[in-house]
Number of protein chains: 4
Amino acid sequence: MSKIKVGVLGATGNVGQRFIQSLENHPWFEISALAASERSAGKPYAEVADWKLGMEIPESVADIEVVTTDPKKIDADVVFSALPSDLALTAEPAFAREGFVVASNASAFRMEKDIPLSIPEVNPEHLGLIDIQKKNRKWDGCIITNPNCSAIMMAVTLKPLLQFGLESINIATMQAISGAGYSGVYAMSIYDNIVPYISEEEEKIQTETLKIFGDFDGSEIKDANFKVSASCHRVPVIDGHTEAIWATMKSNPTPEEVREAFLKFDPGLSHLPTEPKHPIIVRDEQDRPQPRLDRDMGKGMSVSVGRIREGIRYVALGHNTVRGAAGASVLNVELLKEKGYL
Amino acid sequence: MSKIKVGVLGATGNVGQRFIQSLENHPWFEISALAASERSAGKPYAEVADWKLGMEIPESVADIEVVTTDPKKIDADVVFSALPSDLALTAEPAFAREGFVVASNASAFRMEKDIPLSIPEVNPEHLGLIDIQKKNRKWDGCIITNPNCSAIMMAVTLKPLLQFGLESINIATMQAISGAGYSGVYAMSIYDNIVPYISEEEEKIQTETLKIFGDFDGSEIKDANFKVSASCHRVPVIDGHTEAIWATMKSNPTPEEVREAFLKFDPGLSHLPTEPKHPIIVRDEQDRPQPRLDRDMGKGMSVSVGRIREGIRYVALGHNTVRGAAGASVLNVELLKEKGYL
Amino acid sequence: MSKIKVGVLGATGNVGQRFIQSLENHPWFEISALAASERSAGKPYAEVADWKLGMEIPESVADIEVVTTDPKKIDADVVFSALPSDLALTAEPAFAREGFVVASNASAFRMEKDIPLSIPEVNPEHLGLIDIQKKNRKWDGCIITNPNCSAIMMAVTLKPLLQFGLESINIATMQAISGAGYSGVYAMSIYDNIVPYISEEEEKIQTETLKIFGDFDGSEIKDANFKVSASCHRVPVIDGHTEAIWATMKSNPTPEEVREAFLKFDPGLSHLPTEPKHPIIVRDEQDRPQPRLDRDMGKGMSVSVGRIREGIRYVALGHNTVRGAAGASVLNVELLKEKGYL
Amino acid sequence: MSKIKVGVLGATGNVGQRFIQSLENHPWFEISALAASERSAGKPYAEVADWKLGMEIPESVADIEVVTTDPKKIDADVVFSALPSDLALTAEPAFAREGFVVASNASAFRMEKDIPLSIPEVNPEHLGLIDIQKKNRKWDGCIITNPNCSAIMMAVTLKPLLQFGLESINIATMQAISGAGYSGVYAMSIYDNIVPYISEEEEKIQTETLKIFGDFDGSEIKDANFKVSASCHRVPVIDGHTEAIWATMKSNPTPEEVREAFLKFDPGLSHLPTEPKHPIIVRDEQDRPQPRLDRDMGKGMSVSVGRIREGIRYVALGHNTVRGAAGASVLNVELLKEKGYL
């Protein structure tokens with residue numbers, strides 16, 4: 001079987017580079033096109049990328065000639081979008097119209113009624129929105145989005161807690177600087193410091209989580225009805241978002257019951273290439289998870305949890321630009337393929 | 001009026017150095033003795049202190065000959081204790097027995113029934129315990145303690161919220177490395193990292209807060225009856241603890257009402273030398289308070305708050321080794337003096 | 001005596017804020033005007049400054065209405081320039097023409113033949129250029145510049161070594177992020193990292209040092225004839241440049257002789273308000289100087305040296321935005337005033 | 001062919017963990033024994049290791065029962081030693097006496113006349129010392145050492161410069177905190193700071209380099225006769241030592257000639273499993289090499305160089321606990337095996 005051709009939009013940025021890393025040696029997909037701004041177009045990727053991951057640029061992409069973000073210039077079935085939201089707003093529909101599957105990390109379309117906000121381990125049934133979307137919009141292709149990075153980590157850990165009857169969530173995030181993009185945070189702003197504010201992040205966590213856990217009745221998503229209250233903080237960590245979570249639940253489980261629920265969590269996706277062996281890793285040490293030690297678990301796709309205490313309180317951690325961005329989109333497309341959408 | 005002579009126990013450590021800084025040029029107190037371990041005794045302070053604050057050792061203490069932690073070797077009315085708790089357990093009563101006022105930053109005696117856990121802006125009436133303590137224990141002197149650093153910051157901000165009927169508190173702390181003492185955290189542990197655990201910190205915040213806000217009926221303290229649930233994290237910040245706080249209150253105030261309460265807060269202590277002009281500073285910028293920018297406000301004695309949102313959620317910040325340790329003890333003794341206890 | 005009125009150009013930036021800090025409560029000078037870009041003009045300084053020093057904005061400047069960089073809008077005798085070099089190129093002569101003394105931290109005019117590159121402790125005789133400059137350029141005012149921050153620290157320490165016959169210098173700098181301005185370095189670029197390159201920095205150190213130590217024969221400066229070879233590195237430190245220096249000298253002094261020369265160094269400027277008690281502080285501990293501990297010595301105006309070893313090798317350190325920028329300019333103007341130039 | 005059994009001494013520490021990482025899936029070697037202190041003996045490695053690399057403990061070692069550092073308890077042909085030097089002093093000869101090949105990262109025996117201080121790319125002929133050593137000491141086994149981490153990086157880059165006639169070297173190092181071991185540097189010491197001193201480091205670089213490049217005449221090593229002057233600094237970087245090097249050479253090559261020499265450098269060891277494709281990587285970007293981006297090149301075994309300028313000055317960088325420690329020892333044993341020493 002030949003591989004499915006995929007393109008990356010916004011290929012030179014932080015998340016774009018993570019897409020390339022996630023797709024290197026992928027058993028189902030191969031990168032056939034890399035798109036970036038006018039300025040980079042026409043040049044080999046290695047020349048324009050300003051590559052910032054601590055590894056060499058994969059040889060398979062180094063010589064690819066970068067193109068502009070134009071459906072006509074891209075020979076692929078799928079495009080992964082690492083575009084900023086303002087550009088995504090016009091570019092992503094243009095691609096969907098032309099028949100591409102657009103797997104987007106941008107926030108532009110996440111809250112649209114007919115567009116799935118998908119996490120394969122959490123709400124695979126939401127893929128049903130795609131048929132509705134295509135019909136509604138008369139698109140040959142479609143858009144599928146992944147949630148905000150902080151929302152993803154939390155959602156993966158809340159899924160096995162649904163059985164206990166979620167009532168309300170308080171979440172304090174400690175978010176890595178890479179989440180703001182390569183040039184998003186000045187060193188003078190964050191060194192020996194914490195910035196207790198990330199633009200629109202709390203709103204995203206609060207609203208996206210309710211859609212993620214919303215009920216899909218075959219025609220639309222009805223928002224989940226628990227409450228989420230978020231407080232977001234930028235911290236001097238390169239990669240890996242840490243989350244202190246309080247989950248109030250109807251059946252009032254013990255910490256041990258919550259731990260068991262995390263351990264037993266098995267979304268049955270082990271046949272997807274990017275799905276880690278353990279989507280949730282339970283750390284029993286009293287001082288884990290920690291971003292530098294745990295962010296790369298499961299090739300960056302596992303969410304690690306620990307310190308499960310009365311409350312219920314616990315700490316969750318995941319790699320924000322892998323599990324929370326590029327890897328999340330890739331996993332979404334793997335699920336799409338498995339379900340026959342491409 | 002000549003100044004009151006004060007000694008510092010544990011003078012060479014992190015908090016000991018902050019005591020010296022807080023007491024330099026103090027209008028009421030002068031340092032007459034510095035105590036440390038056997039190893040340092042007999043030598044000038046400047047020689048043994050391994051001074052680590054970004055200023056020269058004050059000349060007034062540089063040549064003081066360090067003594068051991070022995071009441072007989074110290075000519076003073078007050079001793080400030082920066083001892084580790086295990087040493088405090090025997091040393092502090094020995095000093096109190098000999099007639100010293102012991103102002104302690106250690107946790108050893110904080111939860112004792114007859115020993116005040118004092119924050120002048122919050123529970124000055126708790127000083128009444130001192131007479132009971134002296135009678136109970138037949139001490140000429142006494143012990144007064146200040147709470148855990150994280151508990152202090154929060155308590156100062158909760159005081160003006162009492163009027164709204166506190167019901168429950170969730171607090172996620174992001175604590176500076178200096179809080180663990182100079183040698184308390186390895187660089188390899190915390191660089192590009194967060195450690196979501198600080199030994200006994202959550203318990204201290206949870207139990208001390210209830211004593212701090214306890215009702216003193218003239219004979220004993222009855223614990224406050226709201227709930228506190230803490231999640232503590234060490235972050236790569238040198239000084240300054242940041243706290244994300246959720247406060248559920250009976251009368252359900254708006255963020256604006258909470259802001260007003262913070263702004264109006266005036267404990268009436270402006271005649272105490274260490275009391276800052278504003279014990280609570282309200283920051284209206286959307287991204288404040290921040291440790292590097294706000295920890296030194298009010299010479300390190302102000303607690304800064306910001307991001308007051310529905311919930312009620314807000315962010316509080318204070319200097320952990322000044323407001324949360326040395327400065328807290330000094331302020332306690334200023335209050336003692338003003339109230340005639342020395 | 002009433003104070004001399006001074007303005008600050010580029011008042012909202014990193015170095016502009018340091019100028020305000022250096023000038024607060026200055027016994028000779030008072031700030032009468034603050035200039036910044038069009039965007040800020042007409043508004044109170046506190047509103048537009050985005051103040052980033054860990055202290056409150058001085059009350060004396062908070063309400064000053066910011067003006068544009070226009071000599072007609074500024075009522076002052078002196079302007080301190082924290083302008084970027086491209087703006088300095090036209091603005092500074094405009095002010096000098098109108099009769100202002102312009103004390104500039106910009107590099108635009110440093111290497112001009114008739115403009116002093118001045119460090120009061122090193123080359124006070126170079127002020128003689130000012131008369132030549134005024135005559136040449138038919139200016140009522142004048143421009144005086146201070147060298148590059150890294151060059152200043154080194155030059156202060158080389159001055160007492162001149163007696164040994166300097167032949168060649170190798171210098172490896174480890175420079176703080178504040179040196180690039182508030183937005184000059186992205187957190188993702190420097191966290192857990194070193195960047196072994198700072199644009200034009202090595203060239204400045206190499207050429208400016210020779211002018212600083214040049215011989216002024218009453219009409220022009222003849223460059224010093226030793227060699228300087230620099231290697232510059234950005235490191236994750238907020239303030240304070242550290243320099244590893246090798247100085248080869250004709251008379252081949254011992255480390256002890258070099259130490260003596262540093263200790264005896266007295267430029268006789270103690271009557272200038274900003275001049276620290278010790279322009280050079282010798283640290284005998286084996287692990288000093290260190291930026292976090294030593295950068296604020298002498299209110300940020302002392303250069304600390306240590307680790308004087310065979311070679312001769314030693315380590316020098318100073319505060320880059322105080323001794324290396326704002327404070328350097330202020331000290332220059334203090335010297336000008338003392339010498340009767342204003 | 002069955003694999004050669006190897007043990008690791010000091011297996012639980014920082015460098016011990018890097019040995020395990022370097023040996024995982026090694027085509028020639030397999031770990032058969034892990035030794036650590038009394039306290040850890042008898043327990044499975046995973047239980048006692050306090051594993052601190054950002055990956056899971058390899059399954060192949062997780063269950064190995066840790067033994068004490070005793071030749072009788074270890075079934076292997078080779079032991080890799082990550083022991084501290086004081087323990088190495090007695091333990092390593094005990095192993096050599098019992099017939100083990102001891103590949104040591106400790107400094108204890110590096111400067112012994114009959115013990116090779118080996119870097120395969122630099123001085124493979126020094127292996128000849130092993131026969132002399134065995135005869136001298138009447139050992140069945142032998143000790144082979146690798147140099148100090150900073151010395152290794154520099155030596156690899158000096159090898160291709162030998163042809164130009166090395167006269168003298170100045171080197172300023174900026175060394176990562178991992179080089180001091182996991183608990184070697186307190187966070188309070190290095191955060192927002194540089195420590196311009198590392199105990200004995202300058203001496204090691206200066207003396208070891210001359211032995212590394214010494215001439216082996218079949219019976220002994222005659223030290224190289226160029227001069228090395230080092231200035232060592234600890235910086236807030238986790239892994240990766242950066243070095244600013246000045247190399248004065250007789251034939252006075254141009255930067256371009258030096259670059260060519262680096263590019264052409266081929267020690268002919270590509271058949272050794274740990275040898276990277278490029279032992280020296282030349283970076284032509286003006287701001288490289290950088291530790292976070294370049295330390296993992298060649299699986300941590302490449303030394304990256306850049307900024308080759310007149311002087312000759314250049315910047316070198318390598319992974320201190322891989323190329324500079326564990327990986328260096330493994331490569332030494334690979335060379336030993338290839339040369340028939342085991």
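Below is a summary of the structure that appears in this document.

Criteria and cut-off values
- Each residue is numbered by its place in its chain's sequence as written, counting from 1.
- Chain A is the first chain written and ligand 1 is the first ligand written, with later ones labelled in order.
- In keeping with the predicted nature of the model, local features appear solely for residues at pLDDT of at least 70, side-chain atom pairs appear and are counted solely at 80 or more, and the whole-chain, interface and lining totals rest on all residues.
- Here the side-chain values reflect all heavy atoms present in the structure, with hydrogen atoms and water set aside.
- By definition, any uninterrupted DSSP run of H or I lasting at least four residues is a helix, any uninterrupted run of E lasting at least two residues is a strand, and each is numbered from the N terminus.
- Restricting the calculation to C-alpha atoms gives the radius of gyration, and the globule rule supplies 2.2 Å times the number of residues raised to the power 0.38.
- The cut-offs for exposure are 20% and 50% of the maximum accessible area for each residue type, with area from a 1.4 Å probe on protein chains only; residues under the lower value are buried, those over the upper are exposed, and the others partly exposed.
- Any two residues whose heavy atoms approach within 4.5 Å are treated as being in contact.
- Within 3.5 Å is the distance limit for a polar contact, defined as a pair of N or O atoms, with the added protein rule that one can donate a hydrogen and the other accept it, and that residues adjacent in sequence qualify only through two side-chain atoms.
- To superpose the copies, least squares is applied to the C-alpha atoms of every residue with a pLDDT of at least 70 in both.
- Two parts lose some accessible area (1.4 Å probe) when they are put together, and adding that loss for both gives the buried area.
- For this document, the term salt bridge refers to a Lys or Arg side-chain nitrogen within 4 Å of an Asp or Glu carboxyl oxygen.
- Basically, the charged four are Asp, Glu, Lys and Arg, the nonpolar ten are Ala, Val, Leu, Ile, Met, Phe, Trp, Tyr, Cys and Pro, and anything else, Gly included, counts as polar.
- When DSSP finds two or more bridges between a pair of strands, those strands are recorded as paired.
- Helix axes are fitted to C-alpha atoms over the stretch in contact, other axes to C-alpha atoms as well, and angles between N-to-C directions run from 0 to 180 degrees.
- Pairing of aromatic side chains here covers Phe, Tyr and the six-membered ring of Trp, requires ring centres within 6.5 Å, and sorts the geometry by plane angle: under 30 degrees stacked, over 60 edge-to-face, intermediate tilted.
- Remark: a charge is flagged as sitting over a ring if the NZ atom of Lys or the CZ atom of Arg is within 6 Å of the ring centre and within 35 degrees of the ring normal.
- Think of it as the arc spanned by the lines of direction from the helix axis to the C-beta atoms.
- Any angle from 65 to 115 degrees is called roughly perpendicular, while one under 35 is roughly parallel, one over 145 is roughly antiparallel, and all others are oblique.
- Each crossing gets its hand from how the near helix is turned against the far one by less than a right angle, where anticlockwise is left-handed and clockwise is right-handed.

### Some words on the overall build of chain A
A count of helices and strands for chain A gives 11 helices and 13 strands. The C-alpha atoms of chain A give a radius of gyration of 19 Å, which matches the 20 Å a tight globule of 342 residues would have. Projecting the C-alpha coordinates of chain A onto the three principal axes gives extents of approximately 55 × 50 × 35 Å. When the 342 residues of chain A are sorted by exposure, 65% land in the buried category. Pairs at least 24 apart in sequence give 73% of the contacts found in chain A among residues at least 6 apart.

### Focus: the side chain of Arg 307 of chain D
Tracing the backbone shows Arg 307 of chain D in strand 12 (residues 303-309). Judged by relative accessible area, which is 13%, Arg 307 of chain D ranks as buried. One polar contact links the side chain of Arg 307 of chain D to the main-chain carbonyl oxygen of Gln 286 of chain D, over a distance of 3.3 Å. Discounting residues that sit within four places of it in the chain, Arg 307 of chain D has contacts with Pro 196, Tyr 197, Glu 202 and Cys 232 of chain C together with Arg 283, Gln 286, Arg 288, Arg 313, Tyr 314 and Val 315 of chain D.

### Details of the relation of the copies chain A and chain C
Here chain A sits on chain C after a turn of 180° about the axis and a move of 0.0 Å along it, with an RMSD of 0.0 Å. When the rotation and shift are considered jointly, the pair of chain copies conforms to a two-fold rotation axis. Taken together, the interface assignments show that 100% of the residues at the interface of chain A recur at the interface of chain C, consistent with an identical surface on both copies.

### Observations regarding the interface of chain B and chain A
Each partner contributes to the interface: chain B provides 40 residues, whereas chain A provides 40 residues. Summing both partners gives a buried area of about 3300 Å² for chain B against chain A, and 52% of it is carried by carbon and sulfur. Linking chain B with chain A are 8 salt bridges. Scanning the region where chain B abuts chain A turns up 32 residue pairs in polar contact (both at pLDDT 80 or more). Looking at which element gives the most residues to the side of chain B that touches chain A, the answer is strand 9 (residues 227-234) of chain B, with 5 residues. Considered class by class, the residues forming the side of chain B that touches chain A number 20 nonpolar, 10 polar and 10 charged.

### Some remarks on the sheet that holds strand 2 (residues 29-35) of chain B
All names here are of chain B. Judged by pairing direction, the sheet is parallel, and its 5 strands sit side by side in the order 2-1-3-4-5 without closing on themselves. Each edge of the open sheet carries a strand with a single partner, namely strand 2 and strand 5 (142-145). Neighbour to neighbour, the strand axes of the sheet diverge by 25° on average, direction disregarded.

### A closer look at the packing of aromatic side chains
Counted according to the given criterion, the structure contains 40 aromatic pairs over all chains. Taking 6.4 Å as the distance between ring centres and 10° as the angle between the ring planes, the aromatic pair formed by Tyr 186 of chain A and Tyr 186 of chain C counts as stacked. Taken as a pair, Tyr 186 of chain A in the loop between strand 6 (166-175) and helix 7 (187-190) and Tyr 186 of chain C in the loop between strand 6 (166-175) and helix 7 (187-190) lie in two separate chains rather than in one. Its relative accessible area of 33% is what places Tyr 186 of chain A among the partly exposed residues. When the ring centre of Trp 28 of chain A is taken as origin, the NZ or CZ atom of Lys 337 of chain A, which lies over that ring, is 5.7 Å away.

### Describing the sheet that holds strand 11 (residues 280-283) of chain B
Residues and elements named next belong to chain B. The 6 strands are arranged 9-6-10-13-12-11 in an open sheet whose pairing can be described as mixed. At either end of the open sheet lies a strand with only one pairing partner, and these are strand 9 and strand 11. Across the sheet, the mean angle separating the axes of adjacent strands is 20° when strand polarity is ignored. Here strand 10 (residues 241-249) pairs with strand 13 (residues 313-318) via 6 bridges, running antiparallel. Pairing of Thr 242 across the sheet is with Leu 317, part of strand 13. Strands in contact with helix 6 (residues 149-158) are strand 6 (166-175), strand 9, strand 10, strand 11, strand 12 (303-309) and strand 13; relative to strand 10, the strand with the most contacts, it is inclined by about 45°.

### Digging into the interface of chain A and chain C
Taken together, the contact between chain A and chain C spans 17 residues of the former and 17 residues of the latter. Both sides together, the interface formed by chain A and chain C hides about 1600 Å², and carbon and sulfur atoms give 77% of it. Counting across the interface, chain A meets chain C through 0 salt bridges. Our count for the contact surface shared by chain A and chain C stands at 6 residue pairs in polar contact (both at pLDDT 80 or more). Ranked by the residues each element gives to the side of chain A that touches chain C, the list is headed by helix 7 of chain A, at 4 residues.

### Describing the pairing of strand 6 of chain B
Residues and elements named next belong to chain B. Burial of strand 6 is extensive: 8 of the 10 residues sit out of reach of the surface. Where strand 6 lies against strand 10, 8 bridges are found, and the strand directions are antiparallel. In the sheet register, Asn 170 faces strand 10, and the bridge partner there is Trp 246. Here strand 6 pairs with strand 9 via 8 bridges, running parallel. For Asn 170, the partnering residue across the bridge sits in strand 9 and is Ser 229.

### Focus on the relation of the copies chain B and chain A
Least-squares fitting of chain B to chain A yields an RMSD of 0.0 Å, with the superposition described by an axial translation of 0.0 Å and a rotation of 180°. Interface residue correspondence from chain B to chain A reaches 100%, placing this contact among same-surface, isologous pairings.

### Quick look at the environment of Val 8 of chain C
With respect to the element layout, Val 8 of chain C can be found in strand 1 (residues 4-9). Spatially, the C-alpha atom of Val 8 of chain C lies 29 Å from that of Thr 157 of chain C, the residues being 149 residues apart in sequence.

### A few points about helix 9 (residues 255-264) of chain B
All names here are of chain B. Taken together, the buried positions of helix 9 are Pro 255, Val 258, Ala 261 and Phe 262. Angular distribution of buried residues about the axis of helix 9 spans 120°; they occupy a single face of the element. Summarising the contacts, the buried residues of helix 9 are in contact with helix 6, strand 10, strand 11, strand 12 and strand 13.

### Overview of the packing of helix 6 (residues 149-158) of chain A against helix 8 (residues 201-212) of chain A
Residues and elements named next belong to chain A. One can describe the packing of helix 6 onto helix 8 by two numbers: an axis separation of 9 Å at closest approach and a directional angle of 40°. For the element pair helix 6 / helix 8, the angle class is oblique. Crossing hand, helix 6 versus helix 8: right-handed. On helix 8, the residues that touch Cys 149, Ser 150, Ala 151, Met 154, Ala 155 and Leu 158 of helix 6 are Glu 201, Ile 205, Glu 208, Thr 209 and Ile 212. Looking at side-chain class alone, the contact of helix 6 with helix 8 contains 7 nonpolar, 2 polar and 2 charged residues.

### Section: helix 5 (residues 129-137) of chain C
All names here are of chain C. Turning to helix 5, its buried residues number three or more, namely Leu 129, Ile 130 and Gln 133. Buried residues of helix 5 fall within an arc of 95° about the axis and therefore sit on the same side. On its buried side, helix 5 packs onto strand 5 (142-145), strand 7 (215-216), strand 8 (221-222) and helix 11 (322-338). Note on helix 5: the residue one or two positions beyond its end, Lys 138, has a positive phi of about 55°.

### With respect to the side chain of Thr 209 of chain C
Inspection of the secondary structure puts Thr 209 of chain C in helix 8 (residues 201-212). Other than its neighbours up to four places away in sequence, Thr 209 of chain C contacts Ala 151, Met 154, Leu 158, Lys 204, Phe 226 and Val 228 of chain C.

### With respect to unusual backbone geometry
Note that the residue after Arg 288 of chain C, namely Pro 289 of chain C, is joined by a cis bond; omega there is 5°. Structurally, Pro 289 of chain C can be placed in the loop between strand 11 (280-283) and helix 10 (291-294). For Lys 138 of chain A, which is not a glycine, the phi torsion comes out positive at approximately 55°. Its place among the elements puts Lys 138 of chain A in the loop between helix 5 (129-137) and strand 5 (142-145). Judged by its relative accessible area of 72%, Lys 138 of chain A is exposed. Phi is positive for Asn 25 of chain B, close to 60°, though the residue is something other than glycine. Within the secondary structure, Asn 25 of chain B sits in the loop between helix 1 (14-23) and strand 2. Relative accessible area serves as the criterion here: at 68%, Asn 25 of chain B is assigned to the exposed category.

### Thoughts on the pattern of salt bridges
For the coordinates displayed, the defined rule picks out 76 salt bridges over all chains. The salt bridge involving Asp 294 of chain B is made with Arg 288 of chain B; its shortest N-O contact spans 2.8 Å. Grouping residues by exposure puts Asp 294 of chain B and Arg 288 of chain B together as buried. Because the salt bridges share partners, they merge into one network encompassing Glu 56 of chain A together with Arg 283, Glu 285, Arg 288 and Asp 294 of chain D.

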